[in-house]
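For reference, the chains in residue letters:
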Amino acid sequence: MTAPLTPPPQPNHQPPHHVWQAPPPGYAPAHEEDGPGMKTELREAAVITVATAIGGVLLGLLWCWLAPRVPLVSDGAAVYPKDVEGEQVIGVDGTFSLLAVGFGLVTAVVVFLLRRRGGIPLIVALTVGGILASLLAWRLGIWLGPTQDVIAHAKEAGKGVTFDAPLELNAKGALLAWSVSALLVHLGLTALFAPRDPDPYDQPQYPPSGP
C-alpha cells in the first residue's frame with residue numbers, strides 16, 4: 001500500500017469574529033449612573049448651605065439677647081471700663097461660642113436624619129454653611145447691640161453715668177465653633193449609624209465538590 005502524497009484537505013478555520021450586541025434595556029455606563037446621583041448631592045448640599053447660613057440670624061438674635069453687657073463710664077474727658085476686673089468681655093465671647101456649638105450640633109443631627117448616607121458634599125455644606133452663619137450672626141449681633149459710637153453714647157449718658165459698651169467678638173476663633181461642632185457630630189453619627197454597603201468578601205463559603 002502507498003500513502004497519498006497530498007494531505008487531506010483541512011477544514012477552513014476562520015478566526016472568531018467579535019459581534020457587538022446592543023446593550024440590554026435599562027443598561028447605562030457607570031459614569032452615567034453616577035452623574036444624576038452627584039447632581040442630587042450637590043443640589044442637596046447647596047440647600048443645606050443656604051439653610052444653615054440663614055440660621056445665623058437666630059444665633060445673632062440670641063447672642064445679642066444673652067451676652068453680658070460690658071459697663072463703661074465717662075468722666076467727661078475719657079471713657080473707662082467701670083469694672084476693670086470684670087469678666088463680661090470673656091462672657092460675650094463664651095456666649096457666642098456656646099450658642100454656636102449648640103447650633104452646630106442641631107444642624108448636624110437634622111442633616112443626618114434627612115440624609116443618613118453622608119458624603120463629602122454634605123460635609124462641605126455643613127462647614128461652609130456654619131462659617132457663613134457665624135459671620136452673619138456676628139455682624140447682626142453687633143448691629144442690634146449698643147451703638148458703636150462710644151463717644152456719642154458717653155455724651156448722651158452724661159458724666160459718671162454707666163452705659164453699655166458695643167457688642168464685640170474678641171475671640172475670632174469662635175466663628176469656627178458652629179462648623180467644627182457640626183462636622184464632628186455629623187461624622188460621629190455617620191460612623192455609628194449610617195447604612196453600610198455589603199462587604200463583597202462576606203459571602204457564604206461552600207465546600208469544594210468531589211470526594
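We now turn to the structure provided with this report.

**Side note on the side chain of H186**
Working step 1: By secondary structure assignment, the location of H186 is in helix α6 (residues 177-193).
Working step 2: In this view, H186 contacts A108, V111, F112, G118, I123 and L126; residues no more than four positions away in its chain are not counted.

**Considering the environment of A51**
Working step 1: Among the secondary structure elements, A51 is positioned in helix α1 (residues 30-54).
Working step 2: As for A51 and A133, which are separated by 82 residues in sequence, their C-alpha atoms are 9.1 Å apart.

**Quick notes on the environment of L99**
Working step 1: As for its placement among the helices and strands, L99 is situated in helix α3 (residues 88-114).
Working step 2: Relative accessible area serves as the criterion here: at 17%, L99 is assigned to the buried category.
Working step 3: Placed 37 residues apart in sequence, L99 and L62 show a C-alpha to C-alpha distance of 8.0 Å.
Working step 4: Apart from residues lying up to four places away in sequence, L99 is in contact with L59, L62, W63 and L66.

**Some details on the environment of K172**
Working step 1: Here K172 is to be found in the loop between β3 (163-164) and α6.
Working step 2: Sequence separation between K172 and S97 is 75 residues; the distance between their C-alpha atoms is 9.9 Å.

**Regarding the pairing of strand β1 (residues 71-74)**
Working step 1: Of the two faces of β1, the one lined by P71 and V73 and the one lined by L72 and S74 are each fully buried.
Working step 2: Taken together, the two bridges between β1 and β3 define a ladder with antiparallel strand orientation. By the bridge assignment, L72 is partnered in β3 with F163.
Working step 3: Strand direction decides the pairing type here: β1 and strand β2 (residues 79-81), joined by three bridges, are antiparallel. Residue pairing for β2: S74 is matched across the bridge by V79.
Working step 4: Hairpin connection, β1 to β2: the antiparallel pair is bridged by four residues, and G76 has positive phi, about 95°.

**Observations regarding the sheet that holds β1**
Working step 1: Taken in spatial order, the three strands line up as β2-β1-β3 in an open sheet, and their pairing is antiparallel. Here the strands that pair on one side only, and so sit at the sheet edges, are β2 and β3.

**Considerations on α6**
Since one α-helical turn is 3.6 residues long, residues separated by three or four positions face the same way.
Working step 1: Between its first and last C-alpha, α6 extends 24 Å over 17 residues, near the 24 Å set by a 1.5 Å rise per residue.
Working step 2: For α6, the complete set of buried residues consists of A177, W178, S179, S181, A182, H186, L189 and T190.

**Comments concerning α3**
Working step 1: Spanning 27 residues, α3 covers 39 Å between terminal C-alpha atoms, matching the ideal 39 Å at 1.5 Å per step.
Working step 2: Inspection of α3 places V92, D93, T95, F96, L99, A100, F103, G104, T107, A108, V111 and F112 among the buried residues, and these make up the whole buried set.

**A short note on a nonpolar patch on the surface**
Working step 1: Residues I120, V124, V128, I131, L132, L135, L176, V180 and L184 make up a contiguous nonpolar surface patch of roughly 760 Å² in combined accessible area.
Working step 2: Elements supplying a minimum of two residues to the nonpolar patch: α4 (120-144) and α6.
Working step 3: The element contributing the most residues to the nonpolar patch is α4, with six residues.
Working step 4: Here V180 is to be found in helix α6.

**Remarks on the nonpolar core**
Side chains of a nonpolar character, in soluble globular proteins, are inclined to be buried together.
Working step 1: Within the largest apolar cluster, 32 residues are counted, with the highest numbers of intra-cluster contacts made by L59, W63, F96, W138, L169 and W178.
Working step 2: Of all the elements in the fold, those that place two or more residues in this core are α1, α2 (56-66), α3, α4 and α6.
Working step 3: Not counting chain neighbours up to four residues away, the residues in contact with W63 comprise V92, T95, F96, L99, A137, W138, G141, I142, L167, E168 and L169.

**Quick word on the pattern of salt bridges**
Working step 1: What the rule picks out here adds up to two salt bridges.
Working step 2: A salt bridge links E44 to R115; its shortest N-O distance comes to 2.8 Å. You can see E44 sitting in helix α1 and its partner R115 sitting in the loop between α3 and α4, a full 71 residues away along the chain.
Working step 3: Classification of E44 by relative accessible area gives partly exposed; the value is 30%.
Working step 4: Take R115: its relative accessible area is 19%, and that puts it in the buried class.
Working step 5: Taken together, the salt bridges that share partners define one network made up of E41, E44 and R115.

About the cut-offs
- Residues numbered from 1 in each chain as written.
- Predicted model: local features only at pLDDT ≥ 70, side-chain atom pairs only at ≥ 80, totals over all residues.
- Heavy atoms only, no water.
- Helix = DSSP H or I, 4+ residues; strand = E, 2+ residues; numbered from the N terminus.
- Contact = heavy atoms within 4.5 Å.
- Buried < 20%, exposed > 50% of the residue type's maximum accessible area, 1.4 Å probe, protein only.
- Pairing = 2+ DSSP bridges.
- Expected span 1.5 Å × (residues − 1).
- Patch = residues over 30% accessible without salt bridge, like charges linked within 9 Å, V, L, I, M, F, W, Y side chains within 5 Å.
- Areas by Shrake-Rupley, 256 points an atom, 1.4 Å probe, with all protein chains shown as cover.
- Salt bridge = Lys/Arg side-chain N within 4 Å of Asp/Glu carboxyl O.
- Core = buried A, V, L, I, M, F, W, Y, C linked by side-chain atoms within 4.5 Å.

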